[in-house]
Amino acid sequence: MNVNDVLSYAFGAIKLRKLRASLTTLGVIIGIAAIVALLSFSQGLQDTITVQLQKGFATKTLIVSPKGGLGGGEASIPLLVSDTDTIEKIGENVSAAVAIMQKTCFINVNGRAFTINIVGVDFAKYQTIYESTFVAAKGNITSENDSVVIGARIHDPWQNGTIIADVDYMVNITWTKRSGTSPSQNKTYTGRITAVLKEIGGFNIGGPSDLGIYIPISQAQGFFETDECSAIVVLLKGDDKATIDSVSEAIKTAFNNQVSVTSATAVLDIISSVFSNIDFFLAGIAGISLLVAGVGIMNIMIVSLMERTREIGILKALGMKNQTVLMIFLSEAIIIGLMGSAIGIASGWGLANIVAKVGIFGGRIQGGNQAAAAATQISITPVLTPTVFLGAFAFGIIVSVIFAIYPAWRASKLKPVEALRYE
Amino acid sequence: MRVLENMAKIVEAVNLRKTYLLGKVPVEALRGVNLKVEEGDFLAVLGPSGSGKSTLLNMIGALDKPTEGKVFIENVDISTLNDDQLADLRRKIGFVFQFFNLIPRLTARENVELSMAIVGFGKSERRKRAEELLEMVGLKERMNHKPTELSGGEQQRVAIARALANNPKFLLMDEPTGNIDSKTAGEILTLVKKLNEEKGITTIVVTHDQRIASQAKRTVQMLDGLIVKDVMN
């Protein structure tokens, strides 16, 4: 019997039991759709995060921050603004270092008031490090003393043209000073907005943010009455591993291992390894549903085997060989696996896109708070890689076939006379 | 008058024994059967239920294996054949069953074509031959009907057409008229007799039907797993 005849015979058998075959196929569809939806969504998320990080966190940078501090007990030694000099002296691989000072303040601009982080930074140096993101969309980033630079979401929080802060607006920044046991005291700083940054989007670590408000570091030092900074961003001359490692080591040594040094590349590596673990986990969960579908296929094929025992007897009496009987049953599973995988991939892909558009993670991640209610848009576009596509296809078919092997083998081994006698 | 020496021996059973387990009770269906069938013969096997007729037919048709003894088909001992070789052998045997055993979802023509598809004939060739065979058994107009849309007699004629599709060495019929009315049974008998006489197709029929027995060239009477009478008509 040639392949065409085997396939059309198998197809005819499937067509006879449409409902049963569709339900079996549905099992495969659900499994494959789950795998494709989860993996393409996770791939999209990973791509988004990676791109955002590369944007907001140039790969040629290192971030030096005080050790500990966050839940890990007291920060070991404070990092000072002047420590940038120490770092810049480290060697030829360092091209610049900029200190960042961050404090939560109460802002008053154009009649609106909200709480947000104020970032003190050396504008000129910051611009050299983040040359693609610390860029003015309106106005000019100038280093006048009262100059204030704001992120795009401070300018237009809802992205609908409702401008709450613009170039030349005056900004009142109120900071509550606390020292020791003395009563708290409010200090106010007044600045003029000289620039609105172009939209950056998404996350950032150390780099400029759409929700940032920037003042010159010298002003920040005076206003906050401190030389302590929250981090120092170091611009390297190269982003190869050797440069990153040697500078990281040199910085740690210079500060007696009392600081931690984070590299963008290392963070990206960690994220990608975390994602591969997440993918594995997600694929595992989805794989279980496919396994259940496989058991369904096996179950249905054993039932079908019993119903068709007599038919198999007839085929054998007509001279059909064992392997042809086996092929007919396996073909039925392959057809189910093929249809299930194809429909599953399509519906999984559709599902991922629907979720991305309307769903759980899609929309907005609330970034501001209270009155500002500024939102940062992070849109995730699901990505269906060829690996996931082909892998899901192959997996669907392989699972279908594996679970069909036993029933098909049993069918092929039926003794003709017993099969014919079967009622 | 038949001249036995000149005729080729097509089937030979030697001391055939078959023991089944019916539950836990062993049942001796055949207890030492010897039979020779020559080419062109029309043999009717008669006997009450349980006398071992169908068991003998299954052995000759390579559908079942004897517990003891040997079956030779064209002088080949079929106990030496593996599953694939047995399948090849069955392609050269035309089976007709009491309950027709057509594939319900296939039309009459597709059922006839199926046996040729198994052997590996191409689509157009087998379609042409299926139509010729169905015309020969008088079912040309009904060939696109499914078995459920055909009467018992029509189904049996489809089964005969199917059995003839691959030019078998011989036809094995198990109660071919056992499940159809007597008028149709008469037509079937006429067809079988015509095939034997005109085309020289060797035919072995297991039956209760005395009319078939009277039309056959030779009748074999079985009782309790043994051949008790073997006569030429």
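In this text, all values refer to a predicted model and were calculated from it rather than measured experimentally.

J.: Is there a simple way to explain the environment of A:Thr194 in this structure?
T.: Residues and elements named next belong to chain A. Among the secondary structure elements, Thr194 is positioned in strand S8 (residues 185–197). For Thr194, a count of 21 C-beta atoms within 10 Å gives the class buried. A C-alpha to C-alpha distance of 9.2 Å links Thr194 and Ala136, two positions 58 residues apart in sequence. Sequence-distant contacts of Thr194, that is, excluding residues within four places in its chain, are made with Gly139, Asn140, Ile141, Thr142, Glu144, Ser147, Val148, Val149 and Val167.

J.: Help me understand the pairing of strand S11 (residues 231–236) of chain A in this model?
T.: For a regular strand, the rule is simple: side chains alternate between the two faces of the sheet. Residues and elements named next belong to chain A. With respect to burial, S11 is a largely interior element, 6 of its 6 residues being buried. Residue alternation in S11 divides its side chains into two sets, Ala231, Val233 and Leu235 and Ile232, Val234 and Leu236, and both sets are buried. As defined by bridge partners, strand S1 (residues 61–66) adjoins S11 across 4 bridges and the pair is classed as antiparallel. Paired with Ile63 across the two strands is Val233, which belongs to S11. Sheet topology note: the strand S3 (residues 94–109)/S11 ladder contains 6 bridges and is antiparallel. Across the sheet, Val94 pairs through a bridge with Leu236, a residue of S11.

J.: Could you clarify how one ought to interpret the interface of chain B and chain A in this entry?
T.: Across the contact, 19 residues belong to chain B and 16 residues belong to chain A. Of all the elements in the fold, those that place two or more residues in the side of chain B that touches chain A are helix H2 (83–90) and helix H3 (108–119) of chain B.

J.: Help me understand the sheet that holds strand S5 (residues 76–77) of chain B, please; the structure alone is not making it clear to me.
T.: The strands making up a sheet are joined through hydrogen bonds of the backbone, oriented either antiparallel or parallel. Residue and element names in this part refer to chain B. Taken together, 4 strands build an open sheet; the order of strands is S2-S1-S4-S5 and the sheet is antiparallel. In this open sheet, the two strands that pair with only one neighbour each are strand S2 (25–38) and S5. For strand S1 (residues 9–22) and S2, the ladder comprises 11 bridges, and the chain directions are antiparallel. When the sheet's bridge partners are listed, Tyr20 is paired in S2 with Val27. Contacts from helix H1 (residues 53–60) reach S1, S2 and strand S4 (68–73) within the one sheet, and its direction differs from that of S1 by about 125 degrees.

J.: Got a minute to help me understand the domain arrangement of chain A in this structure?
T.: By a widespread convention, an interface's size corresponds to the accessible area lost as its parts come together. The domain boundaries assigned to chain A delineate domain 1 (3–55 + 269–421) and domain 2 (61–237). For domain 1 of chain A and domain 2 of chain A, the distance between their C-alpha centroids amounts to 50 Å.

J.: Where do I start with unusual backbone geometry in this structure?
T.: The phi angle of most residues is negative, glycine excepted, and most peptide bonds adopt the trans form. Unlike most non-glycine residues, A:Asn110 shows phi in positive territory, near 50 degrees. The residue A:Asn110 is located in the loop between S3 and strand S4 (112–121) in this model. At B:Glu74, a position not held by glycine, the phi torsion is positive, near 50 degrees. In this structure, B:Glu74 sits in the loop between S4 and S5.

J.: Even after reading the chapter, I still don't get the nonpolar core, so can you show me in this structure?
T.: Soluble, globular proteins show a tendency: their nonpolar side chains are buried together. A:Ile35, A:Val36, A:Phe329 and B:Val45 are the most contacted members of the largest nonpolar core, which totals 126 residues. Per-element tally for this core: the top contributor is helix H10 (residues 322–358) of chain A, with 13 residues. In contact with A:Val36, other than residues within four places in its own chain, are A:Gly344, A:Ile345, A:Gly348, A:Trp349, A:Leu384, A:Val388 and A:Ala392. Counting residues in each nonpolar core, the second largest holds 58 residues, with A:Val64, A:Ala97, A:Ala152 and A:Leu197 among its members.

J.: Can you walk me through the confidence of the model for chain B in this structure?
T.: As a general rule, the predicted coordinates of low-pLDDT regions are not to be interpreted in detail. Per-residue pLDDT for chain B averages 90, and the proportion of residues at 70 or more is 97%. For this predicted complex, the interface confidence score (ipTM) comes to 0.92, while the overall pTM stands at 0.74.

Thresholds applied
Residues numbered from 1 in each chain as written. Chains lettered and ligands numbered in written order. Predicted model: local features only at pLDDT ≥ 70, side-chain atom pairs only at ≥ 80, totals over all residues. Helix = DSSP H or I, 4+ residues; strand = E, 2+ residues; numbered from the N terminus. Buried ≥ 20, exposed ≤ 12 C-beta atoms within 10 Å, placed from the backbone. Contact = placed C-beta atoms within 7 Å. Pairing = 2+ DSSP bridges. Axes fitted to C-alpha atoms, helices over the stretch in contact; angles between N-to-C directions. Domains from an automatic or database assignment. Core = buried A, V, L, I, M, F, W, Y, C linked by C-beta atoms within 7 Å. pLDDT = per-residue confidence, 0-100.

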